[in-house]
Amino acid sequence: MRPDVSQYRAGTIGTGLFLGSATALHNGGPIGMLLGYIIVGSICYCVMISLGEMAAFLPIPGGHLTFAERFVGAPWSFAMGWLYWYNWCVGLPTELSAASVVISYWDKTTSPAVWITMCLVVVITINVFGAGAYGEVEFIFASIKVITICGLLILGLVLDLGGGPTHDRIGFRYWKSPGPFVQYDNIEGTKGRFLGWVAVMVQAAFSFMGIEVVAIAGAEVKNPRRNIPKAIRRIYVRILLFYFGGVTAIGLLVPSNDERLNIAEGTAAASPFVIAIANAGIKVLPSIISAAILTSAWSAANSGLYGSSRTLYSLALNGNAPKFLMKLTRHGLPWVCVTICACCAFLAYMGTSSGSGRVFGWLSNMTAVAGLLNWFGICVTYLRFHRGLKAQGIDRNTLPFKSSLQPFAACYAAIACFIIVLFSGWSVFLKDHWRVDTFVTNYLPLAILPLLYVVAKLWTRASLVPYAEMDFVTGLQKVLDESVDEPPPRNWIERVWSWLNYPSDSEHYQM
């Protein structure tokens, strides 16, 4: 797989930002939303540098699931593997539901099932052609997303300063009225504002989901010891700018009390970006942005099927799933895994009765909570990895990638992920607010992880891997043999591109 493809896969700009941010603005207000994204973004950063240190040192098949087995134990790898598969599988119908919501911007009469089926067929077709086709299509989709968000950030600044057709200079108007925070469920005072901010957390986490795929792709990327740190360091910084810049623009341009922000009842008009453009009186652009959002949903669904099928195949390779899942076509496609994971997309058809917007909300909550638990698992694995290096006398300065923030960054991220998950469905405990769907979609993954771990522990009777016995060697020599030096830049354009994408040797990939 090409290095530039791996960079785009190192972080995903998707429907969480383009569409799901409507819920964040509606619940938290502009400042509450921005603070929520900053907190989750900091957690995401800590997870990335933890994962990056392990993946750059040992870019081996199985990614963080193999790390979990080597540095924690087989039961932990089993539990994390199945939870990760669950996360990707739920992500597939989530994005198909989002695609259906977006398409309804143009056609509100056709059944969502038609659009879900159409999108699913395209996603399956792309995945059937294997990793090469997937990577190239993802590069195209990612390019569209990056161009779209860059254009929206520029447009947002122009509109905020009064450069739109109506010449209405908005400034910080909506930060004053209806205000910087939302009084959640009309609860007065600091308590209501705090609860509104907390409500943003899960949706913000959904926006950042998918970064771990860089570890899954570690064995497929050319020159991984150089390209994995590059993907984590350079692209991730730009992704953070896109997210923080995006939610800031949204908070400036759209009032938090706009009724169109209700995803459960709305269509693609519920995208804050589309609302802002429509409010500015620009006629054609909302359809163009909706089309870009559709490609974003398509891209994420494509990644969902690819990630879930490869995770299931990895589980089978490691002996944590039935062996029949290891069947491949002559081109190396795990067709049994692809077939099974594609069937999970049928959850999206719940939108035919409950509405695709409401189903998108359910499934995005499930994806976010499962993803946060996976981040928690990655951080626990890293903390064991860090201790193991010390126990075996391996100097971290010899690693191809390291961070001076460790191990404190991993501790912070693990604790923060657990707290967010624990309080993810707190709203159901308010008086007269009990909702079975909210409770199940937020707390089902929280029950899955310990249950899987206990079952695997009882079945295997395996204990934690002692620090002195951790395997830091297997697969390392092969990685070193395949590492090559990148050719130096030939002109100033290539030097600029190299700086943006390749940290210099003197930096030694430290963060």
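Just above, that's the structure.
Notes on the structure follow. (Residues numbered from 1 in each chain as written. Predicted model: local features only at pLDDT ≥ 70, side-chain atom pairs only at ≥ 80, totals over all residues. Heavy atoms only, no water.)

In this model helix 17 (residues 408-422) runs 21 Å from its N-terminal to its C-terminal C-alpha over 15 residues, within 8% of the 21 Å that 1.5 Å per residue would give. Where helix 17 is concerned, the buried positions are Ala-409, Ala-410, Ala-413, Ala-414, Ala-416, Cys-417, Ile-420 and Val-421. (Helix = DSSP H or I, 4+ residues; strand = E, 2+ residues; numbered from the N terminus. Expected span 1.5 Å × (residues − 1). Buried < 20%, exposed > 50% of the residue type's maximum accessible area, 1.4 Å probe, protein only.)

Further remarks concern the nonpolar core. Of all hydrophobic cores here, the largest spans 135 residues; its most connected members are Leu-96, Trp-375 and Phe-385. Examining the composition of this core, we find that 18 residues originate from one element, helix 3 (residues 21-57), more than from any other. For Phe-385, the residues in contact, after removing those within four places along its chain, are Glu-53, Met-54, Phe-57, Phe-71, Leu-399 and Phe-472. Of all hydrophobic cores here, the second largest spans seven residues; its members include Ile-187, Leu-195, Trp-426 and Leu-430. (Core = buried A, V, L, I, M, F, W, Y, C linked by side-chain atoms within 4.5 Å. Contact = heavy atoms within 4.5 Å.)

Tallied over the full model, the rule gives two salt bridges. Glu-53 is the partner of Arg-396 in a salt bridge, and the nearest nitrogen-oxygen pair spans 2.8 Å. Residue Arg-396 is found in the loop between helix 16 (356-391) and helix 17, and its partner Glu-53 is found in helix 3; the two are separated by 343 residues along the sequence. Accessibility classification places Arg-396 together with Glu-53 in one group, the buried group. Residue Arg-173 pairs with Asp-168 through a salt bridge whose shortest N-O separation is 2.6 Å. Among the residues examined, Arg-173 registers a relative accessible area of 34% and is labelled partly exposed. By relative accessible area, which is 33% here, Asp-168 ends up partly exposed. (Salt bridge = Lys/Arg side-chain N within 4 Å of Asp/Glu carboxyl O.)

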